[in-house]
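Observations on chain architecture
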Amino acid sequence: HVHVVPGDVLTPTTPQRYYVGFATLPNQVHRKTVKKGFTFTLMVAGESGLGKSTLINSLFLTDLYKDRKVLNAEERICQTVDIVKHTIGIEEKGVKLRLTIIDTPGLGDAVNNTDSWFHIEQYIDQQFEQYFRDESGLNRRNIQDNRVHCCLYFISPFGHGLRPLDVECMRALHEKVNIIPVLAKADSLTRAEIFKKKRKIKEEIKQFGINIYEFPECDSDDDDEFRMQEQILKDSIPFAVIGSNIQVESKGHKFRGRIYPWGVVEVENPAHSDFLLLRNMLVRTHMQDLKDITRETHYENYRAQCIQNMTRMVVQERKRSRKDEIKFEKMRLKLKFKK
Ligand SMILES: Nc1nc2c(ncn2[C@@H]2O[C@H](COP(=O)(O)OP(=O)(O)OP(=O)(O)O)[C@@H](O)[C@H]2O)c(=O)[nH]1
Ligand SMILES: [Mg+2]
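Bear in mind that the values here come from a model prediction, so they are computed numbers and not experimental data.

Attention shifts here to the overall build of the protein. Looking only at helices and strands, one finds 8 helices and 9 strands in the protein. Counting only residues that meet the buried cut, the protein has 27% of its 339 residues in that class. Long-range pairs, those at least 24 residues apart, make up 70% of the contacts in the protein between residues at least 6 apart in sequence.

This part covers the pairing of strand β5 (residues 179-183). Every other side chain in a regular strand lies on the same face of the sheet, so the side chains alternate between the two faces. Of all the 5 residues making up β5, 5 are buried; the element is thus mostly covered by neighbouring parts of the structure. Sheet topology places strand β4 (residues 150-155) next to β5; 5 bridges connect them, and they run parallel. When the bridges of β5 are listed, F154 appears paired with V182. Following the backbone out of β4, through helix α4 (residues 164-173) and into the adjacent parallel β5, one traces a crossover that is right-handed. With 2 bridges joining them, β5 and strand β6 (residues 239-240) adopt parallel strand pairing. Paired with L183 across the two strands is A240, which belongs to β6.

The share of residues in the protein with pLDDT of 70 or more is 83%, and the mean pLDDT across the chain is 82. The secondary-structure element of the protein with the lowest mean pLDDT is helix α1 (residues 25-36), recorded at 68, while β5 shows the highest, at 97. With pLDDT under 50 throughout, residues 62-68 is counted as low confidence; its partners more than four residues away or in other chains account for 5 contacts.

What follows covers the sheet that holds strand β1 (residues 38-46). Across the sheet, which stays open at both edges, the 6 strands sit in the order β2-β3-β1-β4-β5-β6 with mixed pairing between neighbours. Edge positions in the sheet fall to β2 (84-92) and β6, since each has one partner strand and no second. For β2 and strand β3 (residues 95-103), the ladder comprises 9 bridges, and the chain directions are antiparallel. Looking across to β3, one finds that E91 is bridged to K96. Its contacts with the sheet place α4 against β1, β4 and β5, and it is angled at close to 175° to β4.

The feature "site: Important for dimerization" (unreviewed entry), as given by UniProt, occupies F158 in the numbering adopted here. Its 12 C-beta neighbours within 10 Å are what place F158 among the exposed residues.

The next point concerns the site of ligand 1. Residues in contact with ligand 1 amount to 18 residues; listed here are only the nearest, G51, S53, T54, T80 and G106. The element best represented in the shell around ligand 1 is helix α2 (residues 52-61), accounting for 3 residues. Residues that form the shell around ligand 1 fall into these classes: 4 nonpolar, 10 polar and 4 charged.

One open sheet holds the 3 strands; their spatial order is β7-β8-β9, and the pairing between them is antiparallel. Bordering the open sheet on either side are β7 (247-250) and β9 (263-266), each of which pairs with just one other strand. Between one strand axis and the next, the sheet turns by 70° as a mean value, whatever way the strands run. Two strands pair when backbone bridges link them, and β7 and strand β8 (residues 253-260) are joined in this way by 4 bridges, in the antiparallel orientation. Counted as the bridge partner of E249 is K254 from β8.

The next thing to look at is unusual backbone geometry. Residue P238 is reached from I237 by a cis peptide bond, and omega for that bond is -10°. Mapped onto the elements of the fold, P238 is located in the loop between α6 (224-236) and β6.

Here we take up helix α8 (residues 287-338). Taking 1.5 Å per residue, 52 residues should reach 76 Å; α8 reaches 74 Å between its end C-alpha atoms and fits that length. Along α8, the helix axis deviates most sharply at E300, where the bend reaches about 35°. Sparse coverage of α8 is indicated by the burial of 5 of its 52 residues. Along α8, the residues classified as buried are L290, I293, T294, H298 and Y302. Looking at the buried residues of α8, the elements they touch are α3 (118-135) and β4.

This part takes up the pairing of β3. Pairing analysis gives 6 bridges linking β1 to β3, with the strands arranged parallel. The partner of L42 across the bridge, within β3, is I101. In this antiparallel pair of consecutive strands, β2 and β3, the connection spans 2 residues, and K93 shows a positive phi of 50°.

A few words now on helix α5 (residues 191-207). For α5, built from 17 residues, the straight-helix expectation of 24 Å at 1.5 Å per residue is met to within 8% by its first-to-last C-alpha distance of 24 Å. Taken together, the buried positions of α5 are occupied by K197, K198, I201 and I205. Each buried residue of α5 sits inside an arc of 105° when the element is viewed along its axis, so together they form one side. With respect to the buried face of α5, the exposed residues turned more than 90 degrees away are A192, F195, R199, E203, K206 and Q207.

The rules we used
Residues numbered from 1 in each chain as written. Chains lettered and ligands numbered in written order. Predicted model: local features only at pLDDT ≥ 70, side-chain atom pairs only at ≥ 80, totals over all residues. Helix = DSSP H or I, 4+ residues; strand = E, 2+ residues; numbered from the N terminus. Buried ≥ 20, exposed ≤ 12 C-beta atoms within 10 Å, placed from the backbone. Contact = placed C-beta atoms within 7 Å. Pairing = 2+ DSSP bridges. Right-handed = clockwise from strand over helix to strand, strands pointing away. pLDDT = per-residue confidence, 0-100. Axes fitted to C-alpha atoms, helices over the stretch in contact; angles between N-to-C directions. UniProt positions renumbered as here; feature names shortened; annotations may be inferred. Near = placed C-beta within 6 Å. Nonpolar A, V, L, I, M, F, W, Y, C, P; charged D, E, K, R; others polar. Expected span 1.5 Å × (residues − 1). Bend = angle between axes of the 7 residues up to and from the residue. Arc of directions from axis to C-beta.

Listed below in structure tokens is the structure:
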């Protein structure tokens, strides 16, 4: 029998007196997070003109933003020349999400191609640096987490797989952020072409040692449906996507799409693109995992590096001041003799 200490909150009339009660912990944590709201930061990167700005518009302004006016063709997005941060607040069924989207200028447009991803890398580092500083500061409770949790990397549908620039850029970023490769403008390829390109890109990613985001392994207690969904996601990489800023009306229903002489392409039609798969994984199923890996792996690497550098500086400083001390001692002795 459990011994109840006097003064314990449990009274003999409590029906479940032998439980400490921590079974409700997940609920509590959940409720607290729900109250505070979730945050998520998504970045896009890749060659210029592949539809990065268009896709982020399509990704989050459709379902999640039903009553917002969709841009018409005249208001279309211009070329991105700076890193731009958009923040949108979304609420669904009482759950708040503060979504930050980092749009970046296309690679390959700068005069000097070689380090056009430098600013992207720098941006990611700066967010880590800010977080590190806040974490060691006084106001640790209310840190704004601006760390980049995921980077959609756009690959051209017109090349034969990856370009050297893609390899260099992804390799420059893969230790710092979760990279999810996407095959851009999928409407310009046939199904067979998409299949072939995906395979080629996947092979090259492996061959060049690029570490993209890896889906978590399934547990033995996961059900079959979950396993199947995970397998579909894994097999779909790089996600073939289509973006559009305009709403099309056809056969009585409205949707985001692209109009062609031969017909219309529906952005959210699974037969046309992996758009829905991608959005579901980002918002519904893998957001927490992307955040966990950012914190446990990418940020932890950054932090360890910082601490190592600081320790090195302290050791150097100590050596230097010891040398200084010896020099001073010699100077003092010399002065004494002169007197
Ligand atoms: N066919 C097709 N065209 C697209 C798609 N997405 C965007 N576009 C068009 O491609 C052009 C460039 O789109 P943006 O979204 O500005 O491309 P971006 O990658 O942001 O370009 P930068 O800002 O220069 O890096 C625009 O004319 C878009 O309408 C797509 O999925 N399919
Ligand atoms: Mg752009």
